[in-house]
Amino acid sequence: MADEIGGAIVLSVIATIIALILGIIGLFLNLNWLSFPIAVLIVAIGLGLLSNDFVSAGIAGAITGFLTAFLKGFVISIFWGGWAATILNNAIGGQYLLLIFVGAIFAAGSNMFLSGR
């Protein structure tokens, strides 16, 4: 059980980095508030396909969503400055619950329906 949780944490850290990169690309493409949920959705589907069972996939997706929501303000401030991060967070909110649910649901769902295990 500890190996599964440790593997889920390692997968979620890697997936968070990929989700942040995809979110920044989405912001450059002017997707605004949808850029990070779409990035977490894409990464969560990949997490579900890589995980062994749907519980560890859901945990990895939830951790990825939380870390992405936590770090997106820092990443936005690197590219556009602190004012842009503040305006974006105040305009659309922190998106913590949205990204956690998107990550967990799509990771577990893709593991159950797409992985074929």
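Residue numbers here run from 1 along each chain, matching the order of that chain's written sequence. In keeping with the predicted nature of the model, local features appear solely for residues at pLDDT of at least 70, side-chain atom pairs appear and are counted solely at 80 or more, and the whole-chain, interface and lining totals rest on all residues. With hydrogens and water excluded, all non-hydrogen atoms of the structure serve as input to the side-chain values.

Trainee: Talk me through the overall build of the protein; I want residue IDs and the actual numbers.
Mentor: In terms of regular secondary structure, the protein is built from five helices and zero strands. Helix and strand definitions follow DSSP, with helices as H or I runs of at least four residues and strands as E runs of at least two, each counted in order from the N terminus. Ordering the α and β elements of the protein from the N terminus gives α-α-α-α-α. For 117 residues, the compact-globule estimate of 2.2 N^0.38 gives 13 Å, and the C-alpha radius of gyration of the protein, at 14 Å, lies within 12% of that figure. Based on the C-alpha atoms only, the size of the protein along its principal axes is roughly 45 × 25 × 20 Å. Only protein chains enter the accessibility calculation, which uses a 1.4 Å probe. A residue is then buried if its area is under 20% of the maximum for its type, exposed if over 50%, and partly exposed in between. Scored against the burial criterion, the 117 residues of the protein give a buried share of 38%. Contacts between residues were defined by any pair of non-hydrogen atoms, one from each residue, lying within 4.5 Å. Partitioning the intrachain contacts of the protein with sequence separation of at least 6 by distance along the chain shows that 75% fall at a separation of at least 24. The Shrake-Rupley method, run with a 1.4 Å probe sphere, supplies the accessible areas, and residue values consider only the shown protein chains as cover. Within the structure as shown, the protein displays about 6,500 Å² of accessible surface, and the carbon and sulfur contribution to it stands at 77%. To get the radius of gyration, use the C-alpha atoms; to get the globule rule, take the number of residues to the power 0.38 and multiply by 2.2 Å.

Everything listed here is a matter of geometry and, on its own, says nothing about what the molecule does.
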